[in-house]
Amino acid sequence: MATGRTHRPATRSRGIPEATVARLPLYLRALTALSERSVPTVSSEELASAAGVNSAKLRKDFSYLGSYGTRGVGYDVEYLVYQISRELGLTQDWPVVIVGIGNLGAALAGYGGFASRGFRVAALIDADPAMTGKPVAGIPVQHSDDLEKIISEDGVSIGVIATPAGVAQQVCDRLVAAGVTSILNFAPTVLSVPDGVDVRKVDLSIELQILAFHEQRKAGEESGTEAGEGAETAAVPPAARAAEDTSRKGPDGDMPAVMPA
């Protein structure tokens, strides 16, 4: 089986847009569920609904793969699973190191979805000497002093950072210097990397804040429906409304200080 260090996914060389690449895992997840139920074919409408996109976008995405389906029949599920897996590079072995084996790192180490999708957890790394040798999800933790050696020996090109924010950049720099070219960052900080290194950031707190925004907006809409347009104004304290009114005035008191573009 090929390793991740010597083979790269074909998507960029074939000119597949990044937005399409981001949707391919959604299609693959839906197709895998269909395959597990032994469903032989699927229409673009059914697959789009399962993946949470519209069918026109799905057909456009699949056109980049050279897959157009058959009129009246739809798409062959097994072939699409193979085709998308190949484009994403999942038909080869990708050794991954996880750095930072706290609660989150340990949970990631035990995630069964890695192996089934072509990712092999090659090593777990932590700076705490007390963690060295301790098995987590059946894998002994190794000390961060050996990071470069581990990456070289296992041919690792993908690193997962699950450390505290304060050390994440230092860990990132060491990963990159050792040859890692793709990083999945769970640390709550923005990493700086050179050209040629890809970073994907996962920040659970940001996702929750976005959900909180939508919940607040929905609550406001419901309140507005029940109490009329004055409900939103009434919910704002008078002092806050006065400050808001003042902030809208320019030097002459009437014109906004910054005109909209």
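All values reported here derive from a predicted model rather than from experimental measurement.

Draft legend 1. Quick peek at helix H8 (residues 165-177). Its 13 residues give H8 an end-to-end C-alpha distance of 19 Å, which sits within 8% of 18 Å, the value for a rise of 1.5 Å per residue. When H8 is considered as a whole, its buried residues turn out to be Ala168, Val171, Cys172 and Leu175. Looking straight down H8, one finds its buried side chains confined to an arc of 110°; they lie on one side. The exposed set on the far side of H8, more than 90 degrees from its buried face, consists of Gly166, Gln170 and Ala177.

Draft legend 2. Representation of the nonpolar core. Within the largest apolar cluster, 23 residues are counted, with the highest numbers of intra-cluster contacts made by Tyr27, Leu31, Leu47, Leu58, Phe62 and Ile84. Of all elements in the fold, only helix H1 (18-36), helix H2 (44-51), helix H3 (55-64) and helix H4 (77-87) reach the threshold of two or more residues within this core. Per-element tally for this core: the top contributor is H1, with seven residues. If we skip the residues at most four places from it in the chain, leucine 31 touches Val42, Leu47, Val77, Leu80, Val81 and Ile84. Residues Val97, Cys172, Leu175 and Leu191 belong to the second largest nonpolar core, which totals 19 residues.

Draft legend 3. Quick look at the packing of H1 against H2. It is the contact of H1 with H2, at a shortest axis distance of 8 Å, that shows an interaxial angle of 110°. The angle between the axes of H1 and H2 places the two elements in the roughly perpendicular class. Crossing angle aside, the handedness with which H1 passes H2 is right-handed. Contacts between H1 and H2 involve Leu26, Tyr27, Ala30, Leu31 and Leu34 from the first element and Leu47, Ala50 and Ala51 from the second. Residue composition of the contact of H1 with H2, by class: eight nonpolar, no polar and no charged.

Draft legend 4. Structural context of the environment of threonine 132. Tracing the backbone shows threonine 132 in the loop between strand E4 (119-126) and strand E5 (135-136). Taking the C-alpha atoms as reference, threonine 132 lies 5.1 Å from glutamine 142; in sequence the two are 10 residues apart. With residues up to four places along the chain from it excluded, the contact list for threonine 132 reads Val141 and His143.

Parameters and conventions
Residues numbered from 1 in each chain as written. Predicted model: local features only at pLDDT ≥ 70, side-chain atom pairs only at ≥ 80, totals over all residues. Heavy atoms only, no water. Helix = DSSP H or I, 4+ residues; strand = E, 2+ residues; numbered from the N terminus. Expected span 1.5 Å × (residues − 1). Buried < 20%, exposed > 50% of the residue type's maximum accessible area, 1.4 Å probe, protein only. Arc of directions from axis to C-beta. Core = buried A, V, L, I, M, F, W, Y, C linked by side-chain atoms within 4.5 Å. Contact = heavy atoms within 4.5 Å. Axes fitted to C-alpha atoms, helices over the stretch in contact; angles between N-to-C directions. Parallel < 35°, antiparallel > 145°, perpendicular 65-115°, else oblique. Left-handed = near helix turned anticlockwise from the far one by under 90°. Nonpolar A, V, L, I, M, F, W, Y, C, P; charged D, E, K, R; others polar.

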